[in-house]
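# Fold and contact review
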Amino acid sequence: MDEQTGKHLNFSEKGEDGMWLGVDYYPEQWEPSLLEEDLDTIVELGCNVIRIAEFSWHLMEKKEGQYDFSYFDHVIEKAKERGLKVIMGTPTATIPAWLAKKHPSILSEFEGGKKRVFGGRHVYCFTSPYMYEYSEKIIRALVGHYREEDAIVAWQVDNEIGHEGSDVCYCENCQKQFQNFLKKKFDGAIDRLNDTYGTAFWSQEYNSFDEIPTPMETITTHNPALRLDWERFRSKVIVDFIDFQAKLIKEIAPEAVVMHDFPGGGLAKHVDYSKAAAALDQVAYNNYPVWGGQKEPIAPHEIAFGLDYIRGLKGENFWITEAIMGAQGHDVTGFLPRPDQAKMWSYQGMAHGCDSLMYFRYRGATKGAEQFCYGIIDADNVKRRKFYEVQSFFKDISSYKNALSAPIKNKVAIVYDYDSLASFRIQKQSILLDSPTEMQKFYKAFFDVNVGVDIIPEDRDFSSYQVVILPQLIITKHSMEERIKKFAADGGTVVLTYRCAVKDADNNVPFGKTMPVGYNELLGLCVVETESLQDASAFQVTGKGCMEGLSGYGGIFRDMIAVDDAEVLFGYDDKFYKEYAAVTRKRAGKGMAYYIGCGLDEALMKQIMTLIMKENNLEMLSSPDGVEVVTRKGNGQNIKMYINHNDAAVLMDGAELSPFECRIECFD
């Protein structure tokens, strides 16, 4: 508090191009007498925003239809007195017990028909008409009550949609809705479905849509085309629920900023988060580099990949609504971030496009399931190291808000496709094949030389990039073929891989087509045979031409590539398959088309990606292992961020970086 004016101070105030800095605060979990002291401490941290109310349905509606927002009226009033703004959550992630009791069908089901009981979170079914009915009532009452409240700067819909297994449900209503989904897709013609799915196989023909099962456990496996449509259905019902809430809020408060906090692991979910993000004004991310039970945090490039994936959901900067500071875990607690390590992850988030950040959570809980999700302050309520790290981060980072609020423009994109990811969930093909992991192998080659990469969905315009990589896009789509061919013809470099363009849009192998389907002429090759390997280093590959003298190992999967007019970069050093290529490239119009026909070791992947970067004159910057360098420019401010992920000091450009230090330099 300013002793002269009597006003509470913030280190920063978000303007049009500024940033929100704050904490996730759950005042309802604490004694009311702590509220004012907590808010004073939150201001002392340097916060200008608090995120509240996302799990408070029962507090707002203890009995059906009896809405009471007086508790949060008081919280907001006291926050406003201190100059704090508010991110308000719709409380639909945790339905009240009375609702589950009155309408038990609202609860989702595990595979096999076992009901998920009330308790935990995200237990509702996305197809439940009761979920829509009661969600609309509480949202109308809540948003209507706060429609004129200028302290609320954003509305968060639900929480971590589709997380922790909530993206699947096998209840009776889901089965009926899935059947209706298929009936609509096939215009009510069951014969069209039978023909598309090839149900003559194993005598699976259907006489009507109400005979179609949900793909639960059976002998052997379900039809792959049926399973892909099930995946599309699962995604649609979640996207629809986000869209429903976003539109409802906008109907009541047209000027509202609507956002959602996406969890990690989005590429493995049964929902296309890029479609869910389309209804939102602002994307947010809950960034957990380490969680309970992990021996150590995930690798720096994996954290960065997750951040860039989130930025790619809308192709815009994002918020981090849950940054960690303490150890995390529900039943099993986790690794304690070392001094300055969690602070360093916050800098890394900002480097990759985060322009507003909140920490989870202000204070660690004493009751409930998150007692071991430690906060900035622990349950003893004493300010220690973590508090002062957050305070110093907020004070420092606000100095760079101009550069950090500017958009990121990279020249390399890695493209993913929800249908292809789902196809691999349905038919893994190799026990070692994991599509997100394979994407990260490409990503790491660029990350290690500090070249920025965007992670984007396949329907995004990629014409402005110089290099586009399509790892394992197994589902071939004619529109994508045309865009890729034009991209290469116009001067871009495209990289396709094994298991690209193998199946059609219905998850079937096309008849009379040679792999990679639709790309044979572009690449100057065809795949004549293929095999799955259960070893990452199953065979040796040897360099040819400009790669002469290089060798390494491949595995996981491999294609036997018969070359037409492509240049061979690597071949198989194998007594049976020496005549086949492993990696090729071909001039395609003004551009270049590469094909990587097998899983490669890290060193070889780096060699090939380095060749591509040199061909495209991309500026590579060497840095010590574990040191990330990111340049951000815009709004009249240019900065370079040196981020040390190491637990030891390192030298960078003659200057020492302390363990987990981020040093920011301004330049003209």
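As a starting point, this report considers the structure included with it. Source: prediction; values computed, not measured.

Here the focus is the packing of aromatic side chains. One pair of aromatic rings is described through two measures. These are the centre distance and the angle between the planes. For the structure shown, the criterion picks out 38 aromatic pairs. Aromatic pair Tyr359 and Phe393: ring centres 6.3 Å apart, planes at 85 degrees, arrangement edge-to-face. In this pair, Tyr359 sits in strand E8 (residues 354-360) while Phe393 sits in helix H12 (residues 385-397), placing the two residues 34 residues apart along the sequence. One exposure class covers both Tyr359 and Phe393, and it is buried. In textbook terms, an aromatic cluster arises when at least three aromatic residues are bridged by ring pairs, as seen for Tyr26, Phe55, Tyr288, Trp291 and Phe360. Stacked on the ring of Trp30, the Lys or Arg Arg363 has its end atom at 4.4 Å from the ring centre.

Judged by nonpolar contacts, the single largest core of 168 residues is most densely connected at Ile50, Ile52, Met88, Ile95, Phe262, Ile608 and Met609. The element contributing the most residues to this core is helix H8 (residues 224-252), with 14 residues. When near neighbours in sequence (up to four residues on either side) are disregarded, Met609 contacts Phe442, Ala445, Phe446, Ile469 and Ile596. In terms of nonpolar packing, the next biggest core, distinct from the first, is built from 39 residues, Ala422, Leu433, Leu473 and Tyr519 among them.

Turning to the packing of helix H1 (residues 35-45) against H12, a few remarks are in order. Relative to each other, H1 and H12 sit at 55 degrees, their axes nearing to 8 Å. In terms of their interaxial angle, H1 and H12 are classed as oblique. Mapping the contact onto sequence places Thr41, Glu44 and Leu45 in H1 and Phe387, Val390, Gln391 and Phe394 in H12. Tallied by class, residues from the contact of H1 with H12 come to four nonpolar, two polar and one charged.

Calculation rules
Residues numbered from 1 in each chain as written. Predicted model: local features only at pLDDT ≥ 70, side-chain atom pairs only at ≥ 80, totals over all residues. Heavy atoms only, no water. Phe/Tyr/Trp six-rings, centres within 6.5 Å; stacked < 30°, edge-to-face > 60°. Helix = DSSP H or I, 4+ residues; strand = E, 2+ residues; numbered from the N terminus. Buried < 20%, exposed > 50% of the residue type's maximum accessible area, 1.4 Å probe, protein only. Lys NZ or Arg CZ within 6 Å of the ring centre and 35° of its normal. Core = buried A, V, L, I, M, F, W, Y, C linked by side-chain atoms within 4.5 Å. Contact = heavy atoms within 4.5 Å. Axes fitted to C-alpha atoms, helices over the stretch in contact; angles between N-to-C directions. Parallel < 35°, antiparallel > 145°, perpendicular 65-115°, else oblique. Nonpolar A, V, L, I, M, F, W, Y, C, P; charged D, E, K, R; others polar.

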